[in-house]
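The lines below spell out each chain.
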Amino acid sequence: AQKITQTQPGMFVQEKEAVTLDCTYDTSDPSYGLFWYKQPSSGEMIFLIYQGSYDQQNATEGRYSLNFQKARKSANLVISASQLGDSAMYFCAMSPVQGAQKLVFGQGTRLTINP
Amino acid sequence: DTGVSQDPRHKITKRGQNVTFRCDPISEHNRLYWYRQTLGQGPEFLTYFQNEAQLEKSRLLSDRFSAERPKGSFSTLEIQRTEQGDSAMYLCASSPGGTTYEQYFGPGTRLTVT
């Protein structure tokens, strides 16, 4: 079974600062993917970034980067130069790369960017 | 390329009534997923289709729930004899499959059972 743990229920950050959202995971699958999604108050889940378990380099997408530490089973999301529009719920998720590839989500972290 | 669409966006129903939701995935995405999200929680997997075949169902999907994807394009999720515990956001996602693993979500259908 797979499990995602997000220990920060809420984070408050000043605009333009960098922010790190924590995510740890547990799985017995040899190959897996790690994902981050953003959910604004409108409710839609927006895909941000993906990291494969065998990828040698940490994934980056614009202002988003995923700090993947396989031995520690952590996959933290780093947002550089935060903007007011980054205020939202953020979910870490994982899936095996075989079979249904269904996503297992954490509880989420609510990020608030202050002006 | 249009995104995943869901209809309706909101549904209010009385306990005991049947409801049906529709999901239109991104065209040519052969994988389609349904998730349920309750307040303050992350989404939970309900069921998965590859083309028209329903390949996996969660234990969360009681016998009151049924899902179809008859032609491998749009999908419907029906809940019979709704209960107040069914109140949640129902999210649909699609993925092209192969070596592309990310899933793209629709806006969701918020169900309120009174």
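Look up a bit, the structure's there.
Please read these numbers as outputs of a predicted model, since none were measured by experiment. (Residues numbered from 1 in each chain as written. Chains lettered and ligands numbered in written order. Predicted model: local features only at pLDDT ≥ 70, side-chain atom pairs only at ≥ 80, totals over all residues. Heavy atoms only, no water.)

Caption draft 1: Geometry of unusual backbone geometry. With omega at -5°, the peptide bond leading from Asp7(B) into Pro8(B) counts as cis. Relative to the assigned elements, Pro8(B) resides in the loop between β1 (5–7) and β2 (10–13). One non-glycine residue, Gln101(A), lies in the positive phi region at around 55°. Positionally, Gln101(A) belongs in the loop between β10 (88–96) and β11 (104–105). Positive phi values are uncommon outside glycine, yet Asn51(B) reaches one of about 55°. Positionally, Asn51(B) belongs in the loop between β5 (44–50) and β6 (53–57). (Helix = DSSP H or I, 4+ residues; strand = E, 2+ residues; numbered from the N terminus.)

Caption draft 2: Region of interest: the state of the cysteines. Residue and element names in this part refer to chain A. One pass over the structure, following the stated rule, counts two disulfides over all chains. Here Cys 23 is linked by a disulfide to Cys 92, with a sulfur-sulfur distance of 2.0 Å. Between Cys 23 and Cys 92, the disulfide has an S-S torsion of -65° and is therefore left-handed. With a gap of 69 residues between them, Cys 23 in the loop between β3 (19–21) and β4 (24–26) and Cys 92 in strand β10 connect regions that are remote in the sequence. The exposure classification of Cys 23 matches that of Cys 92, with both residues buried. (Disulfide = S-S within 2.5 Å. Buried < 20%, exposed > 50% of the residue type's maximum accessible area, 1.4 Å probe, protein only.)

Caption draft 3: Spatial organisation of the interface of chain B and chain A. Between chain B and chain A, the residue contacts involve 21 residues of the former and 19 residues of the latter. When chain B packs against chain A, the two sides together hide about 1700 Å² of surface, and 53% of this comes from carbon and sulfur. If you look at where chain B meets chain A, you find one salt bridge. The partner of Lys102(A) in a salt bridge is Glu56(B), with the nearest N and O atoms 2.3 Å apart. For the interface between chain B and chain A, the tally reads nine residue pairs in polar contact (both at pLDDT 80 or more). Elements with a minimum of two residues in the side of chain B that touches chain A: β4 (31–37), β5 and β10 (104–105) of chain B. Tallied by class, the residues present in the side of chain B that touches chain A amount to 10 nonpolar, seven polar and four charged. (Contact = heavy atoms within 4.5 Å. Buried area = accessible area lost by both parts, 1.4 Å probe. Salt bridge = Lys/Arg side-chain N within 4 Å of Asp/Glu carboxyl O. Polar contact = N/O pair within 3.5 Å; in protein donor to acceptor, adjacent residues only side chain to side chain. Nonpolar A, V, L, I, M, F, W, Y, C, P; charged D, E, K, R; others polar.)

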